Amino acid sequence: MRGRALLAAVAALAMATGLAACAPGPDPSAPSSPTAAPRESTSAPPGPTAPLPSPRVVPGPPDLGPAAAPGLVPRLAAMRQGDLAVVARWATPPGRSALGDALTASVDRSVREFAASRGAAWAPGVDVVPGGVGRTCGGATLATPAVSTLTIDCSIVAAAGPLLAERIVVVRRVAGEPTTVSRTVWYADAATGTIDDGTALYLPGAERRVLRSVAEGLRAAGRVGTADDPFAGLDDAGARALLVDSAATRSGVVVTLPHATAGAAAGTPPSIVSVHVPGRLLSPYLSERGAAILAGVATGEPYAAPSAPTAADPVDCTLVACVSITFDDGPSSLTDGLLDILVERRAPATFYVQGNAVQNRPETARRIVAEGHEIANHTWKHPDLRKITDDAELREEIRRTQGAIVAVTGVTATSLRPPYGGYDVRVQALAELPLILWDIDTEDWRRPGPDVVVERSVTRSAKGSIVLMHDTHTSTIEAVPGVIDGLRARGFTLATVVEQFGGALPGAGSVLTHGPR
Ligand code: NI
């Protein structure tokens, strides 16, 4: 009840002042750039007799752009089914992190709930969003319009030292229903592993006092009448909920208030209003955590991107559209160069190695595992297993390779790719491992040139595809950057084969040519 009254009040203030939907117009009392953090208290701290700086409306919520936090991993989940579309962009620190886990779980919940609410099952797709997985944040738009949409986009609010603040905005548009927006700023401290949302900046119970400052800023800008309190009647919980988009800047906090479009036409984007509250006004109301976050942001230190020098980031192939690139017959003299490309692009791959090659190049085999790729069995010396008539000899081709892989890397391979893709029921019965084939054959061994390998990999892949290549041809290695970039541009997330199956492949003797679709 109170929440509804407040939403109406904020909506009323937006309408009364002609606040433009979606993009508030320039405000004469605000700094010239919406992304520039006000600096009055950092460049020249006022003396004890100086008047306190005042809260004021600013043109929009702080958005530093992706360049402020280099090294983040772009994420994209998208779906298109008839008139229904979902686009979710978010960014996670490399490797596994509390922030990454929390954001991914939150996106996962939102997209599945939205799909279910429209009578659809969540089914990630590609070619939905221009640019695919290429950008860190921004541009959660559709290639073609849809009637009902859920868009989730991220922006970088603050990044200093180990501290990262990322805003997630969820916009739900359904024909005949009011458009709803939810905005949250998440704070992550890589040094301590803690994550919080914007409400954690404040002492519990101090929320209404913070909103009093926000109201002062609204009154000063003429957004509400001089005697009006737009937050009258709010309880602590209601006040707290309003403060979830609280963005720490070098001089204070910018509070951005979302509200439903009460009385507006269906589909109209909800308005927002952002108020900068100086840190000196806030200090009595800050929690210990909030004070630490503001102090951290005020240092102005460059963002210390977490170091995770591998190609592997957590991936859930039921949430995003996965594809696997695979390399057979190595490791070879070319494999280290390939690994350099993969780690530079944070692209995981699956290597079907020959036992004798592992024995010859143990350092490279160890690198494959250490850098987050999957290593699997491609027999000892590459025979057509169907032609080995002796059962023991056939088994030995596989077992000896298993032994070399575990001896050199410490990892037990969990699948077999039979050379030439050759298998029959006898091979299946003797393999003791699932057989992994492919659905996209680049035929790179015919040396068609890198452009052809890129074209075949990128245009033919579908969700769940397994792309066959060989790390024994220079032209294949040359094609790999284009393959990775091209797949990502369509919206694919690269995953190892075992990741496509949620970490556990089907049983021994199974034959698979692609992941779940
Ligand atoms: Ni082979």
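Model, not experiment: these values are computed from the prediction.

Asker: Any chance you could explain the coordination of the nickel ion here in plain terms?
Answerer: For a metal bound by four donors in tetrahedral geometry, the ideal donor-metal-donor angle is 109.5 degrees, whereas six donors in octahedral geometry ideally sit at 90 or 180 degrees. Only Asp329 (OD), His378 (NE2) and His382 (NE2) from the protein coordinate the nickel ion, and they sit 2.0 to 2.1 Å from it. On the primary sequence, the residues serving as donors to the nickel ion are separated as D-x48-H-x3-H. No difference in accessibility class separates His378 from His382, as the two residues are buried.

Asker: I keep staring at helix α14 (residues 474–490) and nothing clicks. Help me out?
Answerer: Note: α-helices contain 3.6 residues per turn, so residues at a spacing of three or four share the same orientation. Compared with an ideal rise of 1.5 Å per residue, which puts 17 residues at 24 Å, α14 spans 25 Å between its outermost C-alpha atoms and is within 8% of the ideal. Along α14, the largest kink reaches about 35° and is centred on Val480; proline Pro481 follows within four residues of it. Buried within α14 we find Ser475, Thr476, Ile477, Ala479, Val480, Val483, Ile484, Gly486, Leu487, Arg488 and Arg490. Immediately downstream of α14, the backbone of Gly491 shows phi near 110°, a positive value.

Asker: Sorry if this is basic, but what is going on with the environment of Arg366 here?
Answerer: As for its placement among the helices and strands, Arg366 is situated in helix α10 (residues 362–370). Considered as a pair, Arg366 and Gly410 are 44 residues apart in the sequence and their alpha carbons are 8.5 Å apart. Look past the residues within four positions of Arg366 in its chain and what remains in contact with it is Val408 and Thr409.

Asker: Which parts of the structure should I look at to understand the state of the cysteines?
Answerer: Any covalent bond linking the sulfur atoms of two cysteines counts as a disulfide. Here the structure, examined in full by the defined rule, presents two disulfides. Note that Cys137 is cross-linked by a disulfide to Cys154, the S-S spacing being 2.0 Å. In this structure the cystine formed by Cys137 and Cys154 twists about its S-S bond by roughly -110°; its chirality is therefore left-handed. Separated by 17 residues along the polypeptide, Cys137 in the loop between α3 (98–117) and β4 (148–160) and Cys154 in strand β4 bring together distant segments of the chain. Of the residues examined, Cys154 reaches a relative accessible area of 6% and is grouped as buried. A sulfur-sulfur distance of 2.1 Å marks the disulfide that ties Cys317 to Cys322. As the torsion about the S-S bond is roughly -90°, the Cys317-Cys322 disulfide counts as left-handed. In the protein chain, the cysteines engaged in disulfides, taken in order along the sequence, are linked 1-2, 3-4.

Asker: I tried to follow the sheet that holds β4 on my own but got confused; where do I start?
Answerer: Strand pairing in a sheet is mediated by backbone hydrogen bonds. Such pairs are either parallel or antiparallel. Taken together, six strands build an open sheet; the order of strands is β2-β3-β4-β5-β6-β7 and the sheet is mixed. Only two strands of the sheet have a single neighbouring strand rather than two, namely β2 (73–81) and β7 (194–197). If you compare each strand with its neighbour and ignore which way they point, the axes differ by 15° on average. Pairing geometry for β4 and strand β5 (residues 163–173), over eleven bridges, is antiparallel. Within β5, the position partnered with Ser155 by the bridge is Arg167. α3 contacts β2, β3 (84–92), β4, β5, β6 (180–189) and β7 of the sheet and is inclined by roughly 175° relative to β3. Here helix α7 (residues 288–298) sits on the sheet and contacts β4, β5, β6 and β7; the angle it forms with β5, its principal contact strand, is near 105°.

Asker: Before we go on, may I ask you to explain the pairing of β7 in this structure?
Answerer: In terms of strand pairing, β6 meets β7 through four bridges, oriented antiparallel. Looking at the pairing, Trp186 lines up with Asp197 of β7.

Asker: Please explain the packing of aromatic side chains as it appears in this structure.
Answerer: Each pair of aromatic rings is reported with the distance of its centres and the angle of its planes. Counted according to the given criterion, the structure contains one aromatic pair. Here the basic side chain of Arg400 rests over the ring of Trp380, its NZ or CZ set 3.8 Å away from the ring centre.

Asker: For this particular structure, what's the right way to read the side chain of Asp329?
Answerer: Here Asp329 is to be found in the loop between β11 (322–328) and α8 (335–344). At 8.1 Å, Arg417 is the nearest oppositely charged side chain to Asp329, a buried residue that forms no salt bridge. Engagement of the side chain of Asp329 in a polar contact is seen with the side chain of His378, the distance being 2.8 Å. Side chain to side chain, Asp329 and His382 meet in a polar contact 3.1 Å long.

Asker: Explain the nonpolar core here, please?
Answerer: One broad trend across soluble globular proteins is that nonpolar side chains are buried collectively. In terms of nonpolar packing, the biggest core is built from 36 residues, with Tyr202, Leu211, Val214, Leu218 and Phe231 touching the most fellow members. It is helix α4 (residues 207–220) that provides the largest number of residues to this core, a total of five residues. Core analysis: the second largest hydrophobic core is formed by 35 residues, Ala321, Leu338, Ala347 and Ala365 among them.

Asker: Could you clarify how one ought to interpret the pattern of salt bridges in this entry?
Answerer: Any two side chains of opposite charge can pair, so long as their charged atoms come close to each other. Taken as a whole and judged by the stated rule, the model has 24 salt bridges. The partner of Asp236 in a salt bridge is Arg208, with the nearest N and O atoms 2.9 Å apart. Within this pair, whereas Asp236 is found in helix α5 (residues 236–242), its partner Arg208 is found in helix α4, the two being separated by 28 residues in sequence. Given a relative accessible area of 30%, Asp236 falls into the partly exposed group. Of the charged contacts, one joins Lys381 and Glu397 as a salt bridge, the two residues approaching to 2.8 Å between their closest N and O atoms. Residue Lys381 is located in the loop between β13 (374–377) and α11 (391–409), and its partner Glu397 is located in helix α11; the two are separated by 16 residues in the primary sequence. Residue class for Lys381 comes out exposed when judged on its relative accessible area of 55%. Residue Glu397 is classed as buried on the basis of its relative accessible area, which comes to 4%. Connected through shared salt-bridge partners, Asp336, Asp340, Arg367 and Glu371 make up one network.

Definitions and limits used
Residues numbered from 1 in each chain as written. Predicted model: local features only at pLDDT ≥ 70, side-chain atom pairs only at ≥ 80, totals over all residues. Heavy atoms only, no water. Donors = N, O, S within 2.8 Å, 3.2 Å for Na, K, Ca; no water. Buried < 20%, exposed > 50% of the residue type's maximum accessible area, 1.4 Å probe, protein only. Helix = DSSP H or I, 4+ residues; strand = E, 2+ residues; numbered from the N terminus. Expected span 1.5 Å × (residues − 1). Bend = angle between axes of the 7 residues up to and from the residue. Contact = heavy atoms within 4.5 Å. Disulfide = S-S within 2.5 Å. Pairing = 2+ DSSP bridges. Axes fitted to C-alpha atoms, helices over the stretch in contact; angles between N-to-C directions. Phe/Tyr/Trp six-rings, centres within 6.5 Å; stacked < 30°, edge-to-face > 60°. Lys NZ or Arg CZ within 6 Å of the ring centre and 35° of its normal. Lys, Arg positive; Asp, Glu negative; His and termini not counted. Salt bridge = Lys/Arg side-chain N within 4 Å of Asp/Glu carboxyl O. Polar contact = N/O pair within 3.5 Å; in protein donor to acceptor, adjacent residues only side chain to side chain. Core = buried A, V, L, I, M, F, W, Y, C linked by side-chain atoms within 4.5 Å.

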